[in-house]
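# Architecture and fold: a report
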Amino acid sequence: MSYPKTPSKSASHKTPHKTPRRPNAAREEVQVFGRLRPLRSSENGPCVRVVGKTDMVLVAPEGSSQYGRKAQQHQHSFQRAFGAGSSQKEVFEEIGLPLVQDLLNTKNGLLFAYGITGSGKTHTMTGEPQDPGILPRCLDVIFNSIQHLQAKKYTFMSNGKNSFEINTEAQAERERRRLYPGRNRRRHEETSVADTVRIPDSIVFDDVDPDSVYGVVVSFVEIFNDYVFDLLEDAKPDKDMRDKGPQSKRMREDTGRHQMYVSDVTEVPVTSTEEAYEQLVKGQKKRRVAHTQLNHESSRSHSIFNIRLIRAPLDEAGKSVLLNADYLRVSQLSLVDLAGSERAVRTQNVGERLREAGNINQSLMVLRTCLECLRDNQNKPPEQQKIVPYRDSKITQLFKNFFEGDGKVRMIICCSSSNSDFDEMLHVMKFAEVTQEVTVARSQAVKFDIPGLAAGRRQINNALEAMADGRAPSSDSLPFSVEVAPAPDSPYTGFATFIDTFEGQTTQFEAGCQYVVRGMDAFKSALIQAMGAMTSNDALARANENLERINQDLVYKVDDRDQKLNHLIQIVKSNSAEEEKRRVRHEQRHEQAMHDAEEERRRARKEEEHRLALLENTVPQTSMPEPMATGMSPMATAMSPRSPQVAGIDSPDKENAFGHGGSGAAPLYTRKRRSDEKWLEHKPEGTLQTDTVLQPKLKKSKTVTIPKKSDMTSKNYGRYMLHHQEEDSIGEVKEQLFKGAMMKTRGGGMSVQFTDVETLQQRRPEQLRSECSPVKPLEPTAPALEADVDVPERCATAFEGRPGMMTPSVAHRVTSGR
């Protein structure tokens, strides 16, 4: 295997030197490690190599986006860089072992495995039975360290709200019998790993508190398409006895420590590495994986394996657990195997695989955005800090407490050295740089400062039980040491002296043991009495403190609710005032509109009366004709001949109905309007000009063929008139004038309220007669304006209608004498 040529130093790109931060005892950096996956036989490369113990160098291969540019070599630094030949044990001791030690000291820990797909993340976290990864080795060290200090199974029970309760021995026994009725129960074949050949880790921590008992529970969840699923939950059949499939879980925040957790998740108590490993194998079989172009078993979800260690102190006798949940301490180690980032161009995913890849990349992008916000907020005052978008993804929302100082955060970057992965590895390295610049609050170990509980009470109790059984206690179980003089070098020299010395020391030792037993009994009695008094006082003090705290919380809640109530009252009052104002304005507008309408009607009536008065004063009154036929329009109808002269009517030697000679045609009177009234006259294109009687003449008007929006909404026009022409049954032109008032609407627009319709219609006489016969009254049953009616009679009568009336209001007749 040959490495590509290293470019010259002028063409290399190195991570810029950062100004070292001042050491801050209250905060610590997120430690990032790098591990290089060995190159496969089918891959070309390598494009990544390890330099020293902390650096990795990326060299742009031919065909990559960086090839041929000035900067073809990129160097990045880590807390520790592991080469392709590094072992799983070496990686665990450097990364996972400190997290296990913190877990035993009641500190939380979080470890991410990040990288592109196929870079070895799952192998690093889980490994193989013969070569286990970080997760199984963590379980080995935990159970190696608390092997003789474990509580019985189901002593600690989860309440489903991110906390635990303590069961008595009788309650724990009943729970064990309920779940495992058979003593020699048979494990399920699908989850059994008893026959698996696994090489355990032998590391043991000796600094575990011997005066405490421990319990371990594990849970296994995955985040798939931004939904949380429980991998340890057994399938529950529905009402038809069919498997309902995996159901998504919700995330909640507990009320005590304000930590995020998965609600109703399955937490399994385990007492050995084998039991925990069974749950790991069970969950891995349910985890979603799929075949892609880059990986035969590509993870399609983020998997999270949680190890929770429950620690509780022993009672004053050093024999059983102290039944007080206030002294429980729960620490958590979360091992996260992130799904690999993918590019659709390389994986060639379509359909469901493409949507899964999009959700994976989106969640990883949110993780990077949160880390960038945390980095930017570190050097800013609180009022200038940005809001970290934890809620944009389930993976960041679940672990936001770790980034806010709830535990130690570490990340291992898994790198691929294949030339085809070079462009993706550049983005991974940039993400690693951002992560290393983030600092989180340093977590502190929780100490057990319980008054009345002496150190070493477990050892004393073990020694007392051994002596009660007639056995000599071991030297390790006693808080004091007994020295015995060594035997002489020669078995023959001073043998009697040695025997005497041995018997004397044995007698002294027995006396000392009896003295210790009596002293321990007296001390135990006095201690029990003192502890009883102190316990009662402490209980009262604790109860008082709890009541004060509850009272204070209630006061705060009442004040908060009072403030909210006052705020709501103010909102209701302001809304009521605004509603009253709106109602008054609406009534005022309604009254004004009614007043304007009444004024408009009054003005129209006056105008009509004035026009009728002028007509009455100008035209002599004649006998009113009979009412119009039922088939005639109730609107005003004006009839005149198309020719200005009619035979027999305009004869100069005849007297007409007006009492003088000359023309007998009725004069054309134009109706007058108010001087301040402006009309918008709508004449569609193609309208014919007619000369009918009483043709309206508008002085202040604007004639349009198609009204525009500006014309309709203009304040300059208050009246509207529409011309409509059509052909009647005998081929004559019939024109209708639709008139109305333009009024504003509540929505800010304009509307037209039509108040009048006039019909202008003219008839062509079939023949002219020299003399006009006298006008006969119209019969109600006679058809209106038919061809059999006398032509001069039709030309000598005009009617004008008024709105709302079924009979003509004004009749004009012109007759000629014979």
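Look a little higher up for the structure.
Residues numbered from 1 in each chain as written. Predicted model: local features only at pLDDT ≥ 70, side-chain atom pairs only at ≥ 80, totals over all residues. Heavy atoms only, no water.

## A few points about the pattern of salt bridges
In plain terms, the rule: Any carboxyl oxygen of Asp or Glu within 4 Å of a side-chain nitrogen of Lys or Arg constitutes a salt bridge here. Secondary structure elements follow DSSP: runs of H or I of four or more residues count as helices, runs of E of two or more count as strands, with numbering from the N terminus. To sort residues, take the accessible area from a 1.4 Å probe on protein chains only and compare it with the maximum for the residue type: under 20% means buried, over 50% means exposed, and anything in between is partly exposed.
Taken as a whole and assessed by the stated rule, the structure comprises 37 salt bridges. The salt bridge partner of R308 is E267, with a shortest N-O separation of 2.9 Å. With R308 in strand β19 (residues 302-313) and E267 in the loop between β15 (260-262) and β16 (268-270), the pair connects residues that are 41 residues apart, well separated along the chain. The residues R308 and E267 share a single accessibility class, namely buried. Taken together, the shared-partner salt bridges in this structure form one network comprising K89, E93, D131, R137 and D201.

## Things to note about the pairing of strand β5 (residues 55-59)
The line we're drawing: Two strands form a pair only when DSSP identifies at least two bridges running between them.
Of all the 5 residues making up β5, 5 are buried; the element is thus mostly covered by neighbouring parts of the structure. Burial along β5 is two-sided: D55, V57 and V59 facing one way and M56 and L58 facing the other are all buried. Of the strand pairs in this sheet, strand β4 (residues 48-51) and β5 are connected by 4 bridges, and their pairing is antiparallel. Within the sheet, the bridge partner assigned to V48 lies in β5 and is L58. Here β4 folds back onto β5 in antiparallel fashion, the turn holding 3 residues, of which G52 has a positive phi close to 75 degrees. Bridge analysis of β5 against strand β6 (residues 73-77) gives 5 bridges, and the strand direction is antiparallel. In the strand pairing of β6, D55 is matched with S77.

## Considering a nonpolar patch on the surface
Our working rule: Each patch is assembled from residues with relative accessible area greater than 30% and no salt bridge, linking like charges that lie within 9 Å and nonpolar side chains (Val, Leu, Ile, Met, Phe, Trp, Tyr) that lie within 5 Å. Accessible surface area values rest on a Shrake-Rupley calculation with a 1.4 Å probe, where residue burial reflects the displayed protein chains alone.
Together, L547, I550 and L554 line one region of the surface with nonpolar side chains, adding up to about 290 Å² of accessible area. Looking at the secondary structure, you find L547 in helix α12 (residues 495-618).

## Thoughts on helix α3 (residues 134-145)
A turn of α-helix holds 3.6 residues, and therefore any two residues three or four places apart point the same way. This is how the line gets drawn: By this rule, a helix spans an expected 1.5 Å times one less than how many residues it contains.
A rise of 1.5 Å per residue sets the reference length of α3, with its 12 residues, at 16 Å; its end C-alpha atoms lie 17 Å apart and thus fit the reference within 8%. Among the 12 residues of α3, 11 are classified as buried, and the element is accordingly described as predominantly covered. Of the positions making up α3, those classed as buried are I134, L135, P136, R137, C138, L139, D140, V141, I142, F143 and S145.

## What about the packing of helix α1 (residues 88-104) against α3?
How two helices sit against one another is set out by the angle between their axes and by the gap between those axes. Heads up, the rule is: Orientation is described by axes fitted as lines to C-alpha atoms, over the contacting stretch for helices, and by angles from 0 to 180 degrees between their N-to-C directions. Each angle is binned into one of four classes, with values under 35 degrees roughly parallel, values over 145 roughly antiparallel, values of 65 to 115 roughly perpendicular, and all other values oblique. Should the near helix be turned counterclockwise from the far one by less than a right angle, the crossing is left-handed, whereas a clockwise turn marks it as right-handed. A contact between two residues is defined here by any heavy atoms of the two lying within 4.5 Å. Residues are grouped as follows: nonpolar covers Ala, Val, Leu, Ile, Met, Phe, Trp, Tyr, Cys and Pro; charged covers Asp, Glu, Lys and Arg; every other residue, Gly included, is treated as polar.
Axis separation between α1 and α3 bottoms out at 9 Å; the angle between their running directions is 45 degrees. Classified by the interaxial angle, the pair formed by α1 and α3 is oblique. Handedness of the crossing formed by α1 with α3: right-handed. On α3, the residues touching Q88, K89, V91, F92, G96, L97, V100, L103 and L104 of α1 are I134, R137, C138, V141, I142 and S145. When its residues are assigned to classes, the contact of α1 with α3 shows 10 nonpolar, 3 polar and 2 charged.

## Looking at the packing of aromatic side chains
Formally: Each pair of aromatic rings taken from Phe, Tyr and Trp, with Trp reduced to its six-membered ring, is defined by centres within 6.5 Å and is described as stacked if the planes are under 30 degrees apart, edge-to-face if over 60, and tilted in the remaining cases.
Counting across every chain of the model gives 6 aromatic pairs. Ring geometry for Y114 versus F431: centroids 4.2 Å apart, planes at 25 degrees, classification stacked. Separated by 317 residues along the polypeptide, Y114 in strand β8 (residues 109-115) and F431 in helix α10 (residues 422-436) bring together distant segments of the chain. For the residue pair Y114 and F431, the accessibility class agrees, reading buried in each case. Three or more aromatic residues joined by ring pairs make a cluster, and in this case those are F112, F399, F402 and F403.

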